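Each chain, written out:
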Amino acid sequence: RDLAAREHRCLRANVGLDHAEFVRLSPDSRAFIVWLANAETIRVYKMTKKDDGSFTFTASSGDFPKKHKAPVINIGIAETGKFIMSASSDTTILIWSLKGEVLASINTNQMNNAYATVSPCGRFVASCGFTPDVKVWEVCFGKNGEFREVTRAFELKGHTAGVLSFSFSNDSRRMATVSKDGTWKFWDTDVEYKKQQEPYLLLTGRCAVPEPRRIALSPDGRAVAIAGGADIAVHNTRRGAEEERFVGVHGQGVADLAFDTTGRYLVSCGDRAIRVLHNTAGHRAVVEDMEAMLRGTGNKATRERLEQQIAGARKALAAIYGKKV
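Residues numbered from 1 in each chain as written. Predicted model: local features only at pLDDT ≥ 70, side-chain atom pairs only at ≥ 80, totals over all residues. Heavy atoms only, no water.

- As recorded in an unreviewed UniProt entry, the protein goes by the name TBL2 protein, listed as coming from Smithornis capensis.

## Some thoughts on the sheet that holds strand β22 (residues 265–270)
Phase 1 of the analysis: Strand order in this open sheet of three strands is β21-β22-β23, and the pairing throughout is antiparallel. In this open sheet, the two edge strands, each paired with only one partner strand, are β21 (256–259) and β23 (273–278). Sheet twist, expressed as the average angle between the axes of neighbouring strands with direction ignored, equals 20 degrees.
Phase 2 of the analysis: Bridge analysis of β22 against β23 gives six bridges, and the strand direction is antiparallel. From the neighbouring strand, Cys269 faces β23, where its bridge partner is Ile274. (Pairing = 2+ DSSP bridges. Helix = DSSP H or I, 4+ residues; strand = E, 2+ residues; numbered from the N terminus. Axes fitted to C-alpha atoms, helices over the stretch in contact; angles between N-to-C directions.)

## Looking at helix α2 (residues 280–295)
Phase 1 of the analysis: For α2, built from 16 residues, the straight-helix expectation of 22 Å at 1.5 Å per residue is met to within 8% by its first-to-last C-alpha distance of 23 Å.
Phase 2 of the analysis: Looking at the buried side of α2, the elements it contacts are β18 (223–228), β19 (231–236), β20 (242–246), β23 and α3 (300–321). (Expected span 1.5 Å × (residues − 1). Contact = heavy atoms within 4.5 Å.)

## Describing the pattern of salt bridges
Phase 1 of the analysis: Counted according to the given criterion, the structure contains 18 salt bridges.
Phase 2 of the analysis: For Glu155, the salt bridge goes to Arg152, with nearest N and O atoms at 3.7 Å.
Phase 3 of the analysis: Using a relative accessible area of 16% as the deciding quantity, one classes Glu155 as buried.
Phase 4 of the analysis: Beyond isolated ion pairs, a larger network of salt bridges with shared partners links Asp220, Arg222, Arg238, Arg239, Glu243, Glu244, Arg284, Glu288 and Asp289. (Salt bridge = Lys/Arg side-chain N within 4 Å of Asp/Glu carboxyl O. Buried < 20%, exposed > 50% of the residue type's maximum accessible area, 1.4 Å probe, protein only.)

## Examining the nonpolar core
Phase 1 of the analysis: Within the largest apolar cluster, 16 residues are counted, with the highest numbers of intra-cluster contacts made by Val134, Val136, Phe154, Phe166 and Met175.
Phase 2 of the analysis: Contacts of Phe154, omitting those with residues within four sequence positions, involve Val134, Lys135, Val136, Met175, Thr189, Tyr193, Glu198 and Pro199.
Phase 3 of the analysis: Listed in part, the 14 residues of the second largest apolar core include Ile95, Ala104, Val125 and Trp137. (Core = buried A, V, L, I, M, F, W, Y, C linked by side-chain atoms within 4.5 Å.)

## Describing the UniProt feature "repeat: WD" (unreviewed entry) in the protein
Phase 1 of the analysis: Within this numbering scheme, the UniProt entry marks residues 65–99 and 156–188 as carrying the feature "repeat: WD" (unreviewed entry).
Phase 2 of the analysis: For residues 65–99, the end-to-end C-alpha separation is 11 Å, with 0% helix and 46% strand making up the annotated structure.
Phase 3 of the analysis: The span residues 156–188 is 0% helical and 61% strand by assignment, and the distance between its end C-alpha atoms comes to 10 Å. (UniProt positions renumbered as here; feature names shortened; annotations may be inferred.)

## What to know about the sheet that holds strand β14 (residues 174–179)
Phase 1 of the analysis: Across the sheet, four strands lie side by side as β13-β14-β15-β16; this open sheet has antiparallel pairing. For this open sheet the edge positions go to β13 (163–168) and β16 (200–206), each flanked by a neighbour on one side alone. With strand direction ignored, the average angle separating the axes of adjacent strands in the sheet is 20 degrees.
Phase 2 of the analysis: One ladder, built from five bridges, connects β14 with strand β15 (residues 183–188); its direction is antiparallel.

## Description of the packing of aromatic side chains
Phase 1 of the analysis: Tallied over the entire structure, the rule returns ten aromatic pairs.
Phase 2 of the analysis: For the pair Phe124 and Tyr193, a centre-to-centre distance of 5.8 Å together with 75 degrees between the ring planes defines the contact as edge-to-face. Here Phe124, found in strand β10 (residues 124–129), pairs with Tyr193, found in the loop between β15 and β16; they are 69 residues apart in sequence, far enough to count as distant.
Phase 3 of the analysis: Phe124 gets classed as buried once you look at its relative accessible area, which sits at 5%.
Phase 4 of the analysis: For Tyr193, a relative accessible area of 9% gives the class buried.
Phase 5 of the analysis: Note on Phe166 and Phe168: the rings are 6.1 Å apart at their centroids and 80 degrees apart in plane angle, and the pair reads as edge-to-face.
Phase 6 of the analysis: Taken together, the aromatic side chains of Phe32, Tyr45 and Phe57 make up a single cluster linked through ring pairs. (Phe/Tyr/Trp six-rings, centres within 6.5 Å; stacked < 30°, edge-to-face > 60°.)

## Some words on the pairing of β18
Phase 1 of the analysis: Burial runs high along β18: six of the six residues are buried.
Phase 2 of the analysis: Of the two faces of β18, the one carrying Ala223, Ala225 and Ala227 and the one carrying Val224, Ile226 and Gly228 are both buried.
Phase 3 of the analysis: Note that β18 and β19 share six bridges and pair antiparallel. Bridge pairing in β19 places Ala223 opposite Asn236.

## Section: α3
Phase 1 of the analysis: Between the first and last C-alpha of α3 there are 31 Å, a value that for 22 residues agrees with the 32 Å anticipated at 1.5 Å per step.
Phase 2 of the analysis: All of the buried residues in α3 are Leu306, Ile310, Ala313 and Leu317. Along the axis of α3, the buried positions cluster into a sector of 65 degrees, meaning they face one direction only. Summarising the geometry of α3, the exposed residues directed more than 90 degrees from the buried face are Lys300, Ala301, Gln308, Lys315 and Ala319.
Phase 3 of the analysis: Taken together, the buried residues of α3 touch α2.
Phase 4 of the analysis: In this structure Asn299 caps α3, since a side-chain oxygen of it lies 3.0 Å from the backbone nitrogen of Ala301.
Phase 5 of the analysis: Two residues or fewer after α3 comes Gly322, characterised by a positive phi angle close to 70 degrees. (Arc of directions from axis to C-beta. Polar contact = N/O pair within 3.5 Å; in protein donor to acceptor, adjacent residues only side chain to side chain.)

## Looking at the environment of His19
Phase 1 of the analysis: Mapped onto the secondary structure, His19 falls in the loop between α1 (2–14) and β1 (20–25).
Phase 2 of the analysis: Remark: the alpha-carbon pair of His19 and Thr131, spanning 112 residues in sequence, is separated by 31 Å.
Phase 3 of the analysis: Sequence-distant contacts of His19, that is, excluding residues within four places in its chain, are made with Trp35, Leu36, Ala37 and Asn38.

Below you can see the structure in the form of structure tokens.
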């Protein structure tokens, strides 16, 4: 009965959304934004919790103006709460204020945009498309919170064909890319780009799954998942080795995938279903990294901390496999 009541409230909240294709929750969880494909606009909904624990949803006074001239492929809201991004399939990325004012328009010069997103840290927007690179911009604000400019940060160059997808680590110091050239790459993006320092290529791997379309990097940067067709391959970013292969995860192909914020799980969607998978490759990568650090330290406190982390990762693996690992 409680479940039915919750479903009923959700249905009432969704009335009038006019074919919403994308939805993003604000950092403070007090609002969400949706892209309404039929209306070709962004709408903001404020969420208010009532005394009985349910929520009311109130649309903002006006939808965002129609600015895109091609279908929108993604939207996002910065973790800082300072701006909203929308990207269309031509070469346009728009940076919006929370009130629906266009702060900046970016021309990616990539023939078309295949994918675009806001970095987890909320500082960057990035896109990939027809060209064999990923372009990253910094959205700059002043000390008083006023918008200043969008400036080029860096580019990821090295693929020989168009990049299909990319992903940031949680701190944006690492990135992963997958391309039509049949490879995926792992990058160190913790660089002084304002001094023209370019990202470092750490690793190149081959895509074993058919027609790779999506890539996801774990929050800690230790594991990368690549979806192609109905399969998902998970690799260790320390060595590049494939550690897990999930075959036939979805009947009609994987539409999208992402790691949860803790890195414990990998979530995929497709054919009207959502699959939640254990990130065993990530747990093993923790053990491998911590063991290497343990061998190189003589500090007692550090050794104890590393041993605790190793024990925790092994315990997680044991729980997944139901045996000692």
